[in-house]
Amino acid sequence: MGRAPTPTRPLVERNRRSHDGGRCRVRESTRLVHTACPMNCWDGCAWLVEVAGGQVRAVSGVPDHEITRGFLCPKAQYYLERHRSPRRLRTPLRRSGSGWREISWDAALDELAGRIGKARQETGSESILSYTDAGSLGLLKGLDRRFWNLFGPITVPAGSLCWSAGLAAQEADFGANLAHDPTDHANSRFLLIWGRNPLDTNVHLWPFVQKAQEGGARVVVIDPVATRTAAQADLHLAPRPGSDLALALAMGQAVIEAGMVSEDFLGARVRGFEDYRRLCDGYPPERAEALTGLRATVIRELAQEYARRAPAAILLGYGLQRHPAGGATVRAIDALAAITGNIGVPGGGVAYATGFVTSSFADLGGRPAPHRGVPRAKLGPMLRELDDPRISVGIVARANPAAQLPRTAAAMEALLSIDFLAVVDFELTDTAELADLVLPASTSFEGEDVYACAWHNYLTYGEQAVEPAPGCRSDLEIYAGLADRLGLGDGFGSRRSPRDWIEEALRPLAAWGLGPDSLRGRSARHPAAPLVPWQDGRFLTASGKMELIGPGYSPLPDCPADTRFPFRLITPQHRLSIHSQFYDRVQTALGQQPEGAPVVLVNDRVARQLALRPGAGISVVSPWGRLACRIKPMRGLNPEALVIYSGGRVGQSCANILTPDRLTDIGLGAAYYDCPCRLEAEDVAAARPPLPGDATP
Ligand code: SF4
């Protein structure tokens, strides 16, 4: 530890002067360091870090970055505050009775390596669980995979809590995950923002939407929640949660029925149109009306306007694929874009996520070991049932599964059933509180790395701004330390510096003049990344054509109608938090105590009908748990939807006590939103949303 920061070329080196008692004095030298946001956010912002006296003083957005444009969301400041916080962990902690004992890094790594080695010897390497996620991004963070590939096979989570159904869907349709460049939206005459809330969770997309709007594009938002984005749209439609597949197929049927299909595109570039047509035929808008709650005329008009105003872009979020039919939903939306000729044209497309930049890096993971995969969303119930071998040692890094996994009760039980659990993190999260050993992580200011995101095609070389806080280490240092202790140091490359790894990872980009030196102090758009994917009509599917969704999918609501649970719970992110980080800010913004009950958003008419007063206490009950909440009415929210922002603390505000451990149809995603629930209070014995025929209060 105590490595000196990599020498940086300051973008600005200045001596600041201030007036002090009539005399001018020179303040300490300030330098600006170029790096990127390490949080798992769409935007992938480029950061300027102001450093003085060996400390980070401020963070701001790079002004001339085409996407970042000099502004950041509030979470950048929260990240800096946590970096400086006295609550940040600064020494390894070993559980001791009901408390913690500070121990040295050598003692911590000796014990962890010993536990890992012993588990492999006594019960086999698959008795070790490595659980990582995207809580902290950076190319070097992925080197734990190299360690486990050398050591393995072990047990790892498969799939994603976040987005994998949508990824699998677009891979099935196009052969890869590519999205239109944000600058291309200026070419659109119609923007359909479907289940995405850029004003809260993708703020740097919004200027591109505004530019399209100013150029005459019509903006329509489909979202059961009346988001801030919906408030800015020309039209907001709030279908029943989980009915997006029915809506997409009905729109397809309306386009076909109106003879608005793009025959040129279909003939040359698409496979499976007849099967897709048969699927749509089963769901005309009149039938979809009953499923979505939207009038058939509205569905028909929307579909035909979308087809008529080509080029039209669809911008997808994650929410609509957090259902058992999540993959099919994205596939049906892709097909809608295809039949209207909106694939491979400027201003068109279905923008979900892009993996162009990350897939252009050299893979540092080494030869893959045949790890035992457990679907991530089912980890709670499955971990306890795993035997041959059962899990005896667990290591969690960049993740907080106790709070993030669905069905919290099962997840907690599973984590507690592990004989020895180690957690790498900045502070005592809900998962760290369950651990036997906690290892304090360094922040992104304290090391160099390379950053890319899933929305745009820029990559940033992040320079080290300051020395690591004494007592904190990077993931790379931790795994190198384990490798040395387990005799894997040479294979892992534990003597290699971060810079060595970065050079190797970026080697394939040398053809475009991109490497650590050329990227120093700046970000660069990957020159080969397409502005408009699939423009040449050649897809990366086995057939070389775009594949349309066929029969075998049911657009019916995910949960069977159950009068005991008449609402559906949605758990989106709030703009002030990211996953389980910074949720105290959400609580404060919503007028709650940080450790208090969360807010549940209820349609305002429903709230009036049920005599639910704003701020009143109520329980949200699902088949999997119960959570005490405070009522907050929301105008425009679908009447069957309840909303609790995700990321709360276990036992206080964590909505996952209510969510199911179901999987999506493809991609091993988490069907969080397949969550029937009800409201319970003494004076709300039979709370239900209004039904057709009810009097309007
Ligand atoms: S959280 Fe997102 S919007 Fe905020 S600074 Fe990071 S990348 Fe930018």
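Residues numbered from 1 in each chain as written. Predicted model: local features only at pLDDT ≥ 70, side-chain atom pairs only at ≥ 80, totals over all residues. Heavy atoms only, no water.

## A closer look at the overall build of the protein chain
Threshold: Counting from the N terminus, the helices are DSSP H or I runs at least four residues long and the strands are E runs at least two residues long. For this measure, only C-alpha atoms enter the radius of gyration; the expected value for a globule follows 2.2 Å times N^0.38, where N is the number of residues. In this description, contact between two residues means that some pair of their heavy atoms is separated by no more than 4.5 Å. Neither His nor the chain ends contribute to the count of charged residues, in which Lys and Arg are positive and Asp and Glu negative. Charge coordinates come from a single atom per side chain, which is NZ of Lys, CZ of Arg, CG of Asp or CD of Glu.
From N to C terminus, the protein chain includes 22 helices and 28 strands. Computed over C-alpha atoms, the radius of gyration of the protein chain comes to 26 Å, within 12% of the 26 Å expected from 2.2 N^0.38 for 697 residues, which places it in the range of a compact globule. In terms of overall dimensions, the protein chain has C-alpha extents of about 70 × 65 × 60 Å along its principal axes. For the protein chain, long-range pairs separated by at least 24 residues make up 75% of all intrachain contacts whose partners lie at least 6 apart in sequence. Looking at the protein chain, you have 77 positive and 75 negative side-chain charges, and the mean spots of the two groups are 3 Å apart.

## Concerning the packing of aromatic side chains
This is how the line gets drawn: Classification of ring pairs uses Phe, Tyr and Trp, with its six-membered ring standing for Trp, and accepts pairs whose centres are within 6.5 Å; under 30 degrees between planes counts as stacked, over 60 as edge-to-face, and the remaining range as tilted. Here the term buried applies to any residue with accessible area under 20% of the maximum for its type, exposed to any over 50%, and partly exposed to those in between, with areas from a 1.4 Å probe on protein chains only. Consider the ring centre and the ring normal. A charge sits over the ring if Lys NZ or Arg CZ is within 6 Å of that centre and within 35 degrees of that normal.
Across all of its chains, the model carries 21 aromatic pairs by this definition. For the ring pair Phe147 and Phe492, a centre distance of 6.3 Å and an interplane angle of 75° mean the geometry is edge-to-face. Placement of the pair is Phe147 in helix α3 (residues 144-151) and Phe492 in helix α18 (residues 489-492), with a sequence separation of 345 residues. Owing to a relative accessible area of 0%, Phe147 belongs among the buried residues under this scheme. By the ring-pair criterion, three or more aromatic residues cluster together here, those being Phe147, Trp148, Phe151, Tyr479, Phe492 and Trp501. Directly above the aromatic system of Trp100 lies the positively charged group of Arg95, at a separation of 4.3 Å from the ring centroid. The residue whose ring lies beneath Arg120 is Phe151, and the NZ or CZ to ring-centre distance is 4.0 Å.

## Notes on the sheet that holds strand β24 (residues 599-603)
The following threshold applies: Paired strands are those between which DSSP finds at least two bridges. Fitted lines through C-alpha atoms serve as axes, helices being fitted only where they are in contact, and the angles separating the N-to-C directions of these axes extend from 0 to 180 degrees.
Within the closed barrel, the six strands sit side by side as β23-β27-β24-β26-β25-β28. Their pairing is mixed. Within this sheet the neighbouring strands show an average axis-to-axis angle of 45°, counted without direction.

## Focus on the sheet that holds strand β9 (residues 190-194)
Pairing in this open sheet of five strands is parallel, and the strands run β11-β10-β9-β13-β14 from one edge to the other. A single partner strand is all that each edge strand has here, and the edge strands are β11 (235-237) and β14 (350-351). Strand direction decides the pairing type here: strand β13 (residues 312-316) and β14, joined by two bridges, are parallel. If you follow Leu315 over to β14, its bridge partner there is Ala351. Of the strands in this sheet, β9, β10 (218-222), β11 and β13 are in contact with helix α12 (residues 296-308), which crosses β9 at around 130°.

## Here we look at the side chain of Gln321
How we decide: A 3.5 Å cut-off defines polar contacts: any pair of N or O atoms within that distance qualifies, except that in protein one atom must be a possible hydrogen donor and the other a possible acceptor, and neighbouring residues in sequence count only when both atoms are side-chain atoms.
When you line up the elements, Gln321 lands in the loop between β13 and α13 (326-339). For Gln321, the side chain forms a polar contact with the main-chain nitrogen of Gly166, separated by 2.8 Å. Side-chain polar atoms of Gln321 contact the side chain of Tyr352, separated by 3.2 Å. For Gln321, the contacting residues outside a window of four places in its chain are Cys162, Trp163, Ser164, Ala165, Gly166, Gly326, Val330, Tyr352 and Thr664.

## Quick look at the packing of helix α8 (residues 244-257) against α12
The condition that has to hold: Oblique is the label for any angle not under 35 degrees, not over 145, and not in the 65 to 115 range, which are roughly parallel, roughly antiparallel and roughly perpendicular in turn. If you view the pair so one helix is near and one far, a crossing is left-handed when the near helix is turned anticlockwise from the far one by less than a right angle, and right-handed when it is turned clockwise. Residues are grouped as follows: Ala, Val, Leu, Ile, Met, Phe, Trp, Tyr, Cys and Pro are nonpolar; Asp, Glu, Lys and Arg are charged; every other residue, Gly included, is polar.
Viewed as axis vectors pointing N to C, α8 and α12 meet at an angle of 65°, and their least axial separation amounts to 8 Å. In terms of orientation, α8 lies roughly perpendicular with respect to α12. Classified by chirality, the crossing of α12 by α8 is right-handed. Side by side, α8 and α12 meet where Leu247, Ala250, Met251, Ala254, Val255 and Glu257 of the first sit next to Ile299, Arg300, Leu302, Ala303, Gln304 and Ala307 of the second. Residue composition of the contact of α8 with α12, by class: nine nonpolar, one polar and two charged.

## Some details on the pairing of strand β16 (residues 393-397)
Buried residues dominate β16, accounting for five of its five residues. Every second residue of β16 is oriented toward a common face, with Val393, Ile395 and Ala397 on one face and Gly394 and Val396 on the other, all of them buried. Direction of pairing for strand β7 (residues 128-132) relative to β16: parallel, over a ladder of five bridges. Its bridge partner being in β16, Leu129 is matched across the sheet by Gly394.

## Observations concerning α8
Given 3.6 residues per helical turn, the α-helix brings residues three or four places apart onto the same face. Going by this rule: In this analysis, the expected span of each helix is defined as 1.5 Å times one less than the number of residues it contains.
Taking 1.5 Å as the rise per residue, α8 with 14 residues should run 20 Å; its terminal C-alpha atoms sit 20 Å apart, in good agreement. Among the 14 residues of α8, 13 are classified as buried, and the element is accordingly described as predominantly covered. Of the residues flanking the end of α8, it is Gly259, one or two places downstream, whose phi is positive at about 65°.

## Thoughts on the site of the ligand
Counted only if it meets this: Any residue with at least one heavy atom within 4 Å of a molecule or strand is counted as near it.
Inspection of the region around the ligand gives Cys37, Cys41, Asp43, Gly44, Cys45, Trp47, Leu72, Cys73, Lys75, Ala76, Val203 and His204 as its neighbouring residues. Of the residues assigned to the shell around the ligand, the class counts are eight nonpolar, two polar and two charged.

## Some details on the packing of helix α2 (residues 105-123) against helix α17 (residues 475-485)
Look at α2 against α17: their axes get within 9 Å of each other, and the N-to-C directions meet at 60°. In terms of axis orientation, α2 runs oblique to α17. Where α2 crosses over α17, the two elements pack in a sense that is right-handed. Along the contact surface, α2 presents Trp105, Asp106, Leu109, Asp110, Leu112, Ala113 and Ile116, while α17 presents Ile478, Gly481, Leu482 and Arg485. A class-by-class count of the residues in the contact of α2 with α17 yields seven nonpolar, one polar and three charged.

## What to know about the domain arrangement of the protein chain
Test applied: Residue ranges for the domains trace back to a domain assignment, done automatically or taken from a database. Accessible area that two parts lose when put together, with a 1.4 Å probe and added across both, is what the buried area reports.
When cut into domains, the protein chain gives domain 1 (164-355 + 534-547) and domain 2 (567-680). Look at where the C-alpha atoms of domain 1 and domain 2 centre, and you get two points 27 Å apart. Between domain 1 and domain 2, the residue contacts involve 24 residues of the former and 25 residues of the latter. With both chains or domains summed, domain 1 and domain 2 bury close to 1,900 Å², and 60% of this area falls on carbon and sulfur atoms. It is Pro241, Arg322 and Pro324 in domain 1 that bury the most area against domain 2; as a group they hold 32% of the surface buried on that side.

## Focus on the nonpolar core
Defined as follows: Remark: nonpolar core denotes a set of buried residues (Ala, Val, Leu, Ile, Met, Phe, Trp, Tyr, Cys) joined through side-chain atoms within 4.5 Å.
One finds Trp47, Ile116, Phe147 and Phe445 to be the most contacted residues of the largest nonpolar core, which totals 109 residues. Of all hydrophobic cores here, the second largest spans 87 residues; its members include Trp42, Trp206, Val298 and Ala328.

## Describing helix α16 (residues 408-416)
By the burial criterion, the buried members of α16 are Thr408, Ala410, Ala411, Met412, Ala414 and Leu415. Its buried side turned inward, α16 meets α14 (379-385), α15 (401-404) and β17 (420-425).

## So, the pattern of salt bridges
Between side chains of opposite charge, pairing is possible as soon as their charged atoms come close. Applicable threshold: Salt bridges are defined by distance alone: a side-chain nitrogen of Lys or Arg within 4 Å of a carboxyl oxygen of Asp or Glu.
For the coordinates displayed, the defined rule picks out 38 salt bridges. The salt bridge involving Arg309 is made with Glu305; its shortest N-O contact spans 4.0 Å. Take Arg309: its relative accessible area is 21%, and that puts it in the partly exposed class. Residue Glu305 is classed as buried on the basis of its relative accessible area of 13%. Overlapping salt bridges bring together Arg94, Glu111 and Arg115 as one network.

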